[in-house]
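Analysis of the macromolecular model
Next come the chains, spelled out residue by residue.
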Amino acid sequence: MADAPDSKSGTSQGVCGFKSRLRHHWRSSSRRFRGRLGRLVEITAEQVASVLVLSPQGRLDSNTSPRLEERAFLEISGGTTRLVVDLSAIDYISSAGVRAFLAVARRLKDPPARLVLCGMAPSVRQIFDLAGFTAIFAIEGMRDDALARAAGP
């Protein structure tokens, strides 16, 4: 039994219109994917004594991490030398997000400059552990401990 050609593509629909369903599924899932990629990270800044606290919210991936990096660079070029990044509102971080922190740390390499990360969710901490970056970065569990460490002597 021969399959009837599809009027739009000229290809066979197959039994029960499988190709049509597959094409529809791909289109709808790609729309959901594009929607996730379009979401920007929100970043709030708060000055606490001599320490600037940046608090990103959402996902840090290849699409959103440049925004965090640019914001940190802007603050550093404005004279900030002690920086805490509160990651308690980050639910996902990719290697691009970790790379952004490496770039910020390089900018703050001269003493007395300091970068301290805090408030990592277990899934975010796991990424830093697997990459071996927990030995590179100053990481604290609580924001108050991070502020104390960044203010330091």
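Note that the structure is predicted; figures quoted are calculated from it, not measured.

Before going further, it helps to examine the overall build of the protein chain. Helix and strand counts for the protein chain come out as five helices and six strands. In the protein chain, the succession of α and β elements from N to C terminus is α-β-β-α-β-β-α-β-α-β-α. Expressed as a percentage of its 153 residues, the buried residues of the protein chain come to 37%. Sequence-distant contacts in the protein chain: of pairs separated by 6 or more residues, those separated by 24 or more amount to 64%. Total accessible area computed for the protein chain in this model is approximately 9300 Å², and 55% of it derives from carbon and sulfur atoms.

Looking now at the nonpolar core. Considering soluble globular proteins, one finds that nonpolar side chains tend to be buried as a cluster. If you look at the biggest cluster of nonpolar residues, it comprises 28 residues, and the most contacted ones within it are L83, F101, L117 and F128. Each residue touching F128, except ones within four places of it in the same chain, is listed here: I93, V98, F101, L117, M120, F133, T134 and F137. With nine residues, the next largest nonpolar core counts V84, A146, L147 and A150 among its residues.

Right, let's get into the pattern of salt bridges. One pass over the structure, following the stated rule, counts six salt bridges. One salt bridge in this structure joins D129 and R125, with 3.4 Å as the shortest N-O distance. Residue D129 and its partner R125 are located together in helix α4 (residues 122–131), separated by four residues, close to a single helical turn. Assessed through its relative accessible area of 41%, D129 is described here as partly exposed.

Analysis parameters
- Residues numbered from 1 in each chain as written.
- Predicted model: local features only at pLDDT ≥ 70, side-chain atom pairs only at ≥ 80, totals over all residues.
- Heavy atoms only, no water.
- Helix = DSSP H or I, 4+ residues; strand = E, 2+ residues; numbered from the N terminus.
- Buried < 20%, exposed > 50% of the residue type's maximum accessible area, 1.4 Å probe, protein only.
- Contact = heavy atoms within 4.5 Å.
- Areas by Shrake-Rupley, 256 points an atom, 1.4 Å probe, with all protein chains shown as cover.
- Core = buried A, V, L, I, M, F, W, Y, C linked by side-chain atoms within 4.5 Å.
- Salt bridge = Lys/Arg side-chain N within 4 Å of Asp/Glu carboxyl O.

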